[in-house]
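Commentary on secondary and tertiary structure
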Amino acid sequence: MIPAGTAVGRSVVRPDLAAKLSGAAVYGADLPVAGVLHVKLLRSVVAHARIAAVDPAAALEVPGVVAVVTAADLVDLDATWGHYVRDRPIFADGVVRFAGEIVAAVAAETEEAAAAAVTTIEVEYDELPALLDVAAAAAPGAARVHDRAPRPGFACPPGTELGMDNAFYHHGLQHERVAEVDEAGAVVVQHEYIFPAVYQYAMEPHVVVASWEPDGISVHSSCQHPFLVRQELATVFGLPLERVRVRVPFVGGGFGSKSYTKMEPVAVAVARAVGRPVRLVNRVEDAMVTTRRHGMRCRMRTAVRPDGRFVSRQAWIWMDTGAYADNGPTVTMVAGMAAVGPYRWDRVDIDAACVYTHLPPSGSYRGFGAAHLQWVGESQVDEVAALLGIDRLELRLRNLLDRGETLIPGQRPLDADLAGDLREVAKRLDWGGALPAWRGRGISVGVSPAGVSARSAARVELRPDGRVMVLVGSQEIGQGARTVHAQIAAEVLGLGMERVVVLPTDTDHTPYDRSTGASRSTTVAGLAVQRASERLRTALLAAAAEHGGVPVDELTLRDGRISTGKRSWDIAELAAAGPIGADGDASELTGAGPALFWEVCVAGAEVSVDPETGLVEVPRVVTVADVGRAVNPSLVERQDEGCTLQVIGNAFFEEMRFSEDGVLLNDSLLDYRVPTLTDVPAEMICVIVENGDGPGPFGAKGCGEGVFGGLTAALVSAVTDAGVPVRELPMSPDRVWRWIQQTTSDTAPG
Amino acid sequence: MRTLEYVRVGEPAQAVAELAADPAAAFLAGGTTQLDLMKIGTVTARRLVDITRLPLRDVTFDGGDLRVGALVTMERLAREPVVAQRLPVLRDALLAGASVQLRNAATIGGNLLQRTRCPYFRDVATACNKRDPGAGCAALEGVHRNHAILGTSPHCIATHPSDLAVALVALDAVVRLLGPDGPRTVPLTGFYLPPDDTPRLETVLRHGDLVTGVDIPLPAQGTRSGYLKVRDRASYDFALASAAVVADPGRTRVALGGVATVPWRARRAEAVLREAPEAFVAAAGAELADAEPRRDNGYKVELARRTLIRALSTWAAP
Ligand SMILES: Cc1cc2nc3c(=O)[nH]c(=O)nc-3n(C[C@H](O)[C@H](O)[C@H](O)COP(=O)(O)OP(=O)(O)OC[C@H]3O[C@@H](n4cnc5c(N)ncnc54)[C@H](O)[C@@H]3O)c2cc1C
């Protein structure tokens, strides 16, 4: 524990709490917009088809309908988008590639009129065979989901190879720590694993208000990456950046579902066609086919010497990105990295493929990659431990990398004490203590690349009214970014929290920030806030020195007052003639590849399995928030708890089910089962580890996603320890029950 | 565009008259089923007759009966002290249903008349004899893990989803009606119609019949009762199997939910228990002897059997 500062290190209450609890907070669906039209989308009901005809005549007859917009209205544009691969038409253009693809939009004076009209549009589909299974889609000779060569999007890293096959992107990791790797006598485990497609379920689905004005595009969007949305819209609609303005109202959760661009292009396209502002509000069933988490199949092989020394790890991974790439290649890259595990291997050989199918597109979701692969790798470590008769914790401790060692060549060396973290978990799980039958403990360790980019800037301004305004483009999506940024500025400037205001993002005024994701808001954007605040502090002291005619080193700044000897004055006086501001950024953060720091994914769990029903209960969960420095300890704990609940859903019951024709079957919250309060583990222990070793402000590094990798794996480990081997998620009661039947019949004598 | 008329009535007779005058009109109570189904196109109504202002919101005693107005909400009834004390089976069944928000809007009358959750009934793009007589039943060969094993017909295997109705069937509740020809009463055990070859007809109600209330005979003092609901998820989910048990001194009444096309009074189990009050396993076995599972819902036979045995062991054991 590091002692708390005046603001940093304290569990201050969120400044936006009252607005959210009282309903005063204005979300995208609440924004008052004069003359706004309501948009409803017609989505394809088939997974793969040629569109023979679209007849909007009946819809146009519906009173209140202003326009029906289709691909035909965008022929003057290159109306495709996608930040990584520019593969996605705004409206299906001749072909639909997944059930749920946008075919047409209705704009009407009322939501009701739009909803009524959209069902009357007649579309004739010539159905085509659909590729719904990622392995089939990746197989040699499979029909292609896209027949054109993939075009890199504006955010595709230079030099990335995009191929013509459905498996259009590969992330390979091949390295040898020792020459002539010797596997003789090694214990080998090899299996196939399956991970389901799941949905992020942010409480507020996507909302966009868009208008097409003579001087450009104006958008209010519930998005996580407003600056990348600006860039995408500028690219698609052929405008310079400064003629696209993106503002972000209160956002009701993201979890990755609102990262990059989602509903903005179609909303802008409709606004452009009708010449009036429009509002597009997704419902849950829309959001589920807008973006989701990749389903995955994987084959993994692990070889370990009889003395317990790790030799080699191989994995072949297929990520089902659906019909359009979205952020699939990044997810695939991180999945490949997660397959390695933070161990000292002699040899690593991983191939992770991003594969097109005729299912809805997949993108980012909290903890991606680690959520997919950590449980796979860790379950093989457990299996080896059992085969060798070595304790699971002990086997890990023997092979874990130390701080400073290379995890993946070319990437930032390991920057955390993983063994220490693991021991913290073991202690709280009473590791080694006896358990009754059908109970199990699990433990898991991993890391995931976080931070992604140092491109974050901030501006901090003292206003004449004495308040300090923080302009930073990291979005408050419930994680507490605004609170943390205010704390950082308050700490540096010696101010009470009530005098610091973090403003909502407006790309016309807010300094650039790449994105709200990869656990970067505190570490990267927070560093920009810290640097800007420090500059402002220097500027204020200099101004005060001049103002009072005293040397700077005789001044102190505390509680918003500058003092020298007996004299003191409020900093507001310094800004009487106008605001004083300073800029800062995070450019000092360097690091090759996506890891500006490694987010720690360490957790443990205890479970009990009911052998008669297959139901798994989770009495205890231990998560480690290895955050370097907890700027706000309460927010750190809430991050781990919230993520714990999402993991429980993903690990035990959530799964998007598609029909044989590729249509999503469970597109409501009654049928798609997110956890409820009854699923909260009886005991959730969050261990905050503060080693001051993060690259962010005050030694901080990000958190909030690591639990997805760590806890998913720990739960699998615990269920296995209870006697049920797991090779597929979710561990729903029916599956667990079948696995129990299999295991008992496999091991039955005779 | 679909147009919809809306009228609010103040007197039960007016409500009945409104419906009698218009075959395309329907009652609107809490709206949690009616509006839901209208939005997805499963049911259509040209005219909604809002009955929420009718004076049918009282819970009173009349002799040995608890008289519950049709517009009493689920949450309110569950919180009535007399229900907590004398009718735990009813309280449990109510609180095991839906969510607090829904229960604060949903009415007792509406609950009894809610429609099946069969996905093929709800999805207008698929075949359903209940929605569209003669169209066929997509559930027979489709996704039917949650469908019925009792009271099924070759034309429909949809379950009745209500928890409340299962408790009330076990309690021998009586439905009070007001129809175009005046008031009448129907025992709940005779209220629901099994699908047979007319799955569209779900109850004995005729168009225009208004449920005005439910009369529940209070079980004798000392009666133990309870409702056990088994589901995939511990809250906000419909039953895979459920059992209501009312163990009056000298006789045990039993009903099953989640497994049958109608709230299922378990007469065969009761007959076994009359002879041998503690023969729970035999009773459950008898009730499920003629169950007709299909490809994916065979587990319900065993699940219902065990649910019933556990419910009996909990509330009917001496
Ligand atoms: C998400 C969800 C989960 C649910 N879970 C459960 C559950 O677990 N268990 C359970 O038992 N129920 C459950 N329900 C069903 C819920 O209890 C019913 O929707 C509710 O009780 C219906 O009452 P209402 O007042 O809203 O009826 P309405 O929706 O207004 O009406 C329902 C039907 O009854 C007719 N009607 C209403 N009142 C009368 C009357 N007095 N006379 C004649 N006809 C009338 C209407 O015309 C309509 O056909 C759930 C519902 C939802 C939406």
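Source: prediction; values computed, not measured. Residue indices follow the written sequence of each chain, beginning from 1 at its first position. Working convention: letters from A go to chains and numbers from 1 go to ligands, in the order in which they are written. Per-residue local features of the predicted model are confined to residues with pLDDT of at least 70, and side-chain atom pairs are confined, for both listing and counting, to 80 or more; whole-chain, interface and lining totals are unaffected and use all residues.

Focus: the overall build of chain B
Test applied: Counting from the N terminus, the helices are the DSSP runs of H or I reaching at least four residues and the strands are the DSSP runs of E reaching at least two. Each radius of gyration reported is based on C-alpha atoms, and the globular scaling rule is 2.2 Å times the count of residues to the power 0.38. For the exposure call, what matters is how many other C-beta atoms sit within 10 Å of a residue's own: 20 or more marks it buried, 12 or fewer exposed, and in between partly exposed, using C-beta atoms placed from the backbone.
Summing up its helical and strand segments, chain B has 12 helices and 12 strands in all. The globule rule puts the C-alpha radius of gyration for 318 residues at 20 Å, and the 19 Å found for chain B is close to it. Counting only C-alpha atoms, chain B reaches 60 × 50 × 35 Å along its principal axes. Residue burial in chain B is summarised as follows: out of 318 residues, 49% are buried.

What about the overall build of chain A?
Note the cut-off: The contact rule is simple: place each C-beta atom from the backbone, and if two of them lie within 7 Å, those residues are in contact.
When its secondary structure is counted, chain A shows 16 helices and 30 strands. Its C-alpha radius of gyration of 27 Å places chain A within 12% of the 27 Å reference for a compact globule of 750 residues. Expressed as lengths along the three principal axes of its C-alpha atoms, the size of chain A is roughly 90 × 75 × 50 Å. Looking at chain A residue by residue over its 750 residues, the buried ones come to 57%. When contacts within chain A are restricted to residue pairs at least 6 apart in sequence, those whose partners lie at least 24 apart make up 81%.

Brief notes about the environment of glutamate 109 of chain A
All names here are of chain A. Turning to its location among the elements, glutamate 109 is positioned in the loop between strand E7 (102–108) and helix H3 (111–118). Residue classification places glutamate 109 among the partly exposed positions, given that 16 C-beta atoms sit within 10 Å. The sequence separation of glutamate 109 and glutamate 690 amounts to 581 residues, and the corresponding C-alpha distance is 55 Å. Setting aside its immediate chain neighbours within four residues, glutamate 109 contacts Leu37, Gly64 and Val66.

Observations regarding helix H13 (residues 521–548) of chain A
All names here are of chain A. Applicable threshold: To estimate how far a helix should extend, the number of its residues minus one is multiplied by 1.5 Å. Think of it this way: the bend at a residue is just the angle between two axes, each fitted to seven residues, one set ending at that residue and the other starting at it.
Its 28 residues place the ends of H13 38 Å apart at the C-alpha level, agreeing with the 40 Å of an ideal helix rising 1.5 Å per residue. Leucine 527 marks where H13 bends most, by close to 30°. Glycine 549 sits one or two residues past H13 and shows a positive phi near 65°.

Focus: the site of the ligand
Let me state the cut-off plainly: Defining nearness, a residue is near a molecule or strand when the C-beta atom obtained from its backbone falls within 6 Å of it. Think of it as three bins: nonpolar holds Ala, Val, Leu, Ile, Met, Phe, Trp, Tyr, Cys and Pro, charged holds Asp, Glu, Lys and Arg, and polar takes everything else, Gly as well.
In the vicinity of the ligand lie 32 residues, with Gly30, Gly97, Gly109, Gly110 and Asn111 of chain B positioned nearest. The local environment of the ligand is shared, drawing residues from chains A and B. Only strand E2 (25–28), helix H2 (34–39), helix H6 (100–105), helix H7 (108–112) and strand E8 (210–217) of chain B provide two or more residues apiece to the shell around the ligand. Class assignment for the residues of the shell around the ligand results in 18 nonpolar, 12 polar and 2 charged.

A few points about the domain arrangement of chain A
All names here are of chain A. Counted only if it meets this: Domain limits in this description derive from either an automatic procedure or a database domain assignment.
Domains assigned within chain A are domain 1 (17–25 + 455–585), domain 2 (34–130 + 200–288) and domain 3 (295–451 + 593–747). A C-alpha centroid distance of 35 Å is found between domain 2 and domain 3. Taken together, the contact between domain 2 and domain 3 spans 24 residues of the former and 25 residues of the latter. Considering each element in turn, the side of domain 2 that touches domain 3 owes the most residues, 3 residues, to helix H7 (residues 284–288). Among the residues making up the side of domain 2 that touches domain 3, the classes are represented as 12 nonpolar, 7 polar and 5 charged.

As for the confidence of the model for chain B
Our working rule: pLDDT measures the predictor's confidence residue by residue and takes values from 0 up to 100.
This prediction gives chain B a mean pLDDT of 96; 99% of its residues lie at or above 70. This complex was scored by the predictor with a pTM of 0.91 and an ipTM of 0.76.

Points about the packing of helix H14 (residues 633–652) of chain A against helix H15 (residues 706–721) of chain A
Residue and element names in this part refer to chain A. Quick note on the threshold: The angle between two axes is taken between their N-to-C directions and runs from 0 to 180 degrees, where each axis is a line fitted to C-alpha atoms and a helix contributes only its stretch in contact. To sort the angles, those under 35 degrees are grouped as roughly parallel, those over 145 as roughly antiparallel, those from 65 to 115 as roughly perpendicular, and the leftovers as oblique. By definition, turning the near helix anticlockwise from the far helix through less than a right angle yields a left-handed crossing, and turning it clockwise yields a right-handed one.
In contact at an axis separation of 9 Å, H14 and H15 are set at 50° when each is read in the N-to-C sense. In terms of their interaxial angle, H14 and H15 are classed as oblique. For the pair H14 and H15, the crossing hand works out as right-handed. Between H14 and H15, the contacting residues are Asp640, Cys643, Thr644, Val647, Asn650 and Ala651 on the first element and Val707, Phe708, Leu711, Thr712 and Leu715 on the second.

Let's talk about the sheet that holds strand E10 (residues 187–195) of chain A
Residues and elements named next belong to chain A. Selection criterion: Only when DSSP finds a minimum of two bridges between them are two strands counted as paired.
Read from one edge of the open sheet, 5 strands run E9-E17-E16-E15-E10, paired in mixed fashion. Edge strands, defined here as strands with exactly one partner in the open sheet, are strand E9 (167–176) and E10. Neighbouring strand axes in the sheet, compared pairwise and without regard to direction, differ in orientation by 5° on average. Note: E9 against strand E17 (residues 347–356), 9 bridges, orientation antiparallel. Across the sheet, the residue bridging to glycine 172 is aspartate 351, located in E17. Contacts from helix H9 (residues 370–388) reach E10, strand E15 (295–304) and strand E16 (310–322), with the element oriented near 30° to E15.

Topic: the sheet that holds strand E12 (residues 216–221) of chain A
All names here are of chain A. Read from one edge of the open sheet, 7 strands run E3-E7-E1-E14-E11-E12-E13, paired in mixed fashion. The sheet terminates laterally at strand E3 (65–69) and strand E13 (244–247), the two strands that pair on one side only. Mean inter-strand twist for the sheet, computed between neighbouring axes without regard to direction, equals 20°. With 4 bridges connecting them, E12 and E13 associate as parallel partners. Its bridge partner being in E13, isoleucine 217 is matched across the sheet by valine 244. Relative to the sheet, helix H5 (residues 226–237) contacts E12 and E13, its axis offset from that of E13 by approximately 150°. Most of the contacts of helix H6 (residues 264–274) go to strand E11 (residues 207–213), to which it runs at about 40°, and overall it touches strand E1 (37–43), E3, E7, E11, E12 and strand E14 (278–281).

Let's talk about unusual backbone geometry
All names here are of chain A. Look at the link from leucine 729 to proline 730: it is a cis peptide, with omega at -5°. As for its placement among the helices and strands, proline 730 is situated in the loop between H15 and helix H16 (733–747). The backbone phi angle of tryptophan 438 is positive, close to 65°, even though this residue is not glycine. Phi at phenylalanine 698 is positive, roughly 55°, even though this residue is not glycine. Relative to the assigned elements, phenylalanine 698 resides in the loop between strand E30 (683–689) and H15.

Things to note about helix H11 (residues 418–428) of chain A
Residue and element names in this part refer to chain A. Listed in full, the buried residues belonging to H11 are Leu418, Asp421, Leu422, Glu424, Val425 and Ala426. Check the buried side of H11 and you find it contacts helix H10 (392–399), strand E18 (439–444), strand E27 (595–600), strand E28 (603–609), strand E29 (616–626) and E30. Backbone geometry just after H11 places aspartate 430 at a positive phi near 55°.

Describing the interface of chain B and chain A
Of the residues lining the interface, 6 residues belong to chain B; the matching set on chain A comes to 7 residues. Among the residues making up the side of chain B that touches chain A, the classes are represented as 3 nonpolar, 1 polar and 2 charged.

Structural notes on the pairing of strand E4 (residues 59–62) of chain B
All names here are of chain B. Pairing of E4 with strand E5 (residues 65–69), which is carried by 4 bridges, proceeds in the antiparallel orientation. Across the sheet, the residue bridging to phenylalanine 61 is leucine 66, located in E5. Hairpin remark: E4 followed by E5, antiparallel, with 2 residues in the connecting loop; positive phi at glycine 63, about 60°.

Section: the pairing of strand E7 (residues 182–187) of chain B
Little of E7 of chain B sits out of view: just 0 of its 6 residues are buried. Linking strand E6 (residues 174–179) of chain B back to E7 of chain B in an antiparallel pair, the connection comprises 2 residues.

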